[in-house]
Amino acid sequence: MPGETVSTIDAILKEVYAKPIQYILNNKIVARKLFSKKQGSWEGRRVRYPVHLGRNQGTGATSEGGTLPRARNMTVVETQIPIRYNHGRIQLTIQTIKHSRSNKGAFDRAMTMSMKDLTQSISRNMNRQMWGWGVGILCYVNGDPGVGTTITVDTPGGVAGATHGNRFINNGMDIAFVNPSDGAIRAGGARNVNAVPAADGTTFAISLAADAAVADNDYVVRASTDTSAVIGDTSYNNEVMGLLGLVDDTTYLTTLHNISRSTYPIWRSPVIASVGALSADILQRGLDVADQLAEGNIDCLLSHHSVMRAYQTITESDRRYMGGDLNTPDAGTSRAKQKDGVFGGIPWKVEKDAPYGNLFAIDLSNFTRWVESEGEWADDDGTILMRVQDVDAYEARYRLFENYSNDLPAACVRWEGIDATLIVAHSE
């Protein structure tokens, strides 16, 4: 066919870009926003204050002329809340900065986009930490991987369960394997994750073969780099105190902020284990126990979406669906638009990082977020951008120093082992 075609004039055709960069990653957070913020008075690396854990038992009825109850004392123990440090950094060559400095040359400034992405990534990681107990476990190794590059995993976030073991593993992440018996990093050091299958939820791949020392049930944790070889260069035992530690009996954490739950039972939260199918009775049972133990005034319920769905099914048969137009009946609820659920007038919020099979009832009056650095770009010397040694490039660092406390764990409740249908929906 004679004449010009698209292929022959390709060099003179322009490409039209209709939209700016679309940010598609899920950055919605819930749990962290619930804590009341307090700019803490830090002493060294800790906030310290007394907690009233026991009443004076020197009371009693007496007879006329009888001996008075002997003088006793109340029990006060000091709680100590350590600072936890979260960091992130970006690095750009001068060429990257210059080539993307105008709308003509780029959709967005590389510096602006990188800074926005980093703060969102830190928020995402902090949100995951909010549901743990400070240890930093992403999952367990499931079976001996030998010296292969495919790692099979389970127990996402350190919570028992075989489904979606790679839930908190993402491509590009540096990870390390920790021996659960001694808390030491396994021989061979850290590795970089280079593939996370989206469908099966049970494996991930690393760029360098696993060391032979890696074993079944090893902890998988974040590492600072893919060459980290000591436990201090990982997140292990360095994360903020999350809800599985703040609302617990001793399942995950025996000593919370310097106070032993074995010694002081009031420092425990009631935990209803092996729930199975949800019912109104078992939910009310937990709320009643919190009231009996510590006059808990529950402000909200928190769970993963799957637990909320399990709750919705217990009222399914009693629900009546009526719409303005019966030709278009609506079988849904307000949850279809991701609005809060409700139980007995208590708001029920869902969170993507909440542990599977768990439900939390929270008395927020006792929850505090202790802040030393409220999320900031390091500019102590007057500039955010720092020159990289021996390279024509610049670096910026973001930091967040804080931790969380619960002054009355017995006023909160956790249900665990709830039957719910899980869907592997891997979030970056």
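Residues numbered from 1 in each chain as written. Predicted model: local features only at pLDDT ≥ 70, side-chain atom pairs only at ≥ 80, totals over all residues. Heavy atoms only, no water.

### Points about empty space enclosed by the protein
Okay, so step 1: Counting across every chain of the model gives 1 cavity of 30 Å³ or more.
Okay, so step 2: Its boundaries defined by the atoms lining it, the largest cavity holds a volume of some 130 Å³.
Okay, so step 3: A class-by-class count of the residues in the lining of the largest cavity yields 9 nonpolar, 4 polar and 4 charged. (1 Å grid on protein atoms, 1.4 Å probe; cavity = no way out; pocket = protein on both sides within 12 Å on 5 of 7 lines; lining within 4 Å. Points joined across faces, edges and corners; volume = space filled by probe spheres on them. Nonpolar A, V, L, I, M, F, W, Y, C, P; charged D, E, K, R; others polar.)

### Quick look at the side chain of asparagine 179
Okay, so step 1: You can see asparagine 179 is positioned in the loop between β7 (174-178) and β8 (191-195).
Okay, so step 2: Setting aside residues no more than four positions away along its own chain, asparagine 179 makes contact with Ala184, Arg186 and Asp218. (Helix = DSSP H or I, 4+ residues; strand = E, 2+ residues; numbered from the N terminus. Contact = heavy atoms within 4.5 Å.)

### Topic: the sheet that holds strand β5 (residues 139-141)
Okay, so step 1: Read once around its circumference, the closed barrel built from 6 strands follows the order β5-β6-β9-β8-β7-β10, with strand pairing classed as antiparallel. Along the sheet, successive strands turn relative to each other by an average axial angle of 50°, direction set aside.
Okay, so step 2: Relative to strand β9 (residues 203-206), β8 runs antiparallel, the two sharing 2 bridges. Its bridge partner being in β9, valine 193 is matched across the sheet by isoleucine 206. (Pairing = 2+ DSSP bridges. Axes fitted to C-alpha atoms, helices over the stretch in contact; angles between N-to-C directions.)

### A word on the pairing of strand β14 (residues 300-303)
Okay, so step 1: On β14, burial covers both faces: Cys300 and Leu302 on one face and Leu301 and Ser303 on the other are all buried.
Okay, so step 2: Of the pairings in the sheet, the one linking β14 to strand β17 (residues 359-362) comprises 4 bridges and is antiparallel in character. Within β17, the position partnered with leucine 301 by the bridge is alanine 361. (Buried < 20%, exposed > 50% of the residue type's maximum accessible area, 1.4 Å probe, protein only.)

### A short note on unusual backbone geometry
Okay, so step 1: Phi at histidine 164 takes a positive value of approximately 60°, unusual for a residue other than glycine.
Okay, so step 2: Residue class for histidine 164 comes out buried when judged on its relative accessible area of 2%.
Okay, so step 3: Positive phi, normally seen in glycine, also occurs at serine 274, with a value near 50°.
Okay, so step 4: Looking at the secondary structure, you find serine 274 in the loop between β13 (271-272) and α4 (280-294).
Okay, so step 5: What makes serine 274 exposed here is its relative accessible area of 66%.

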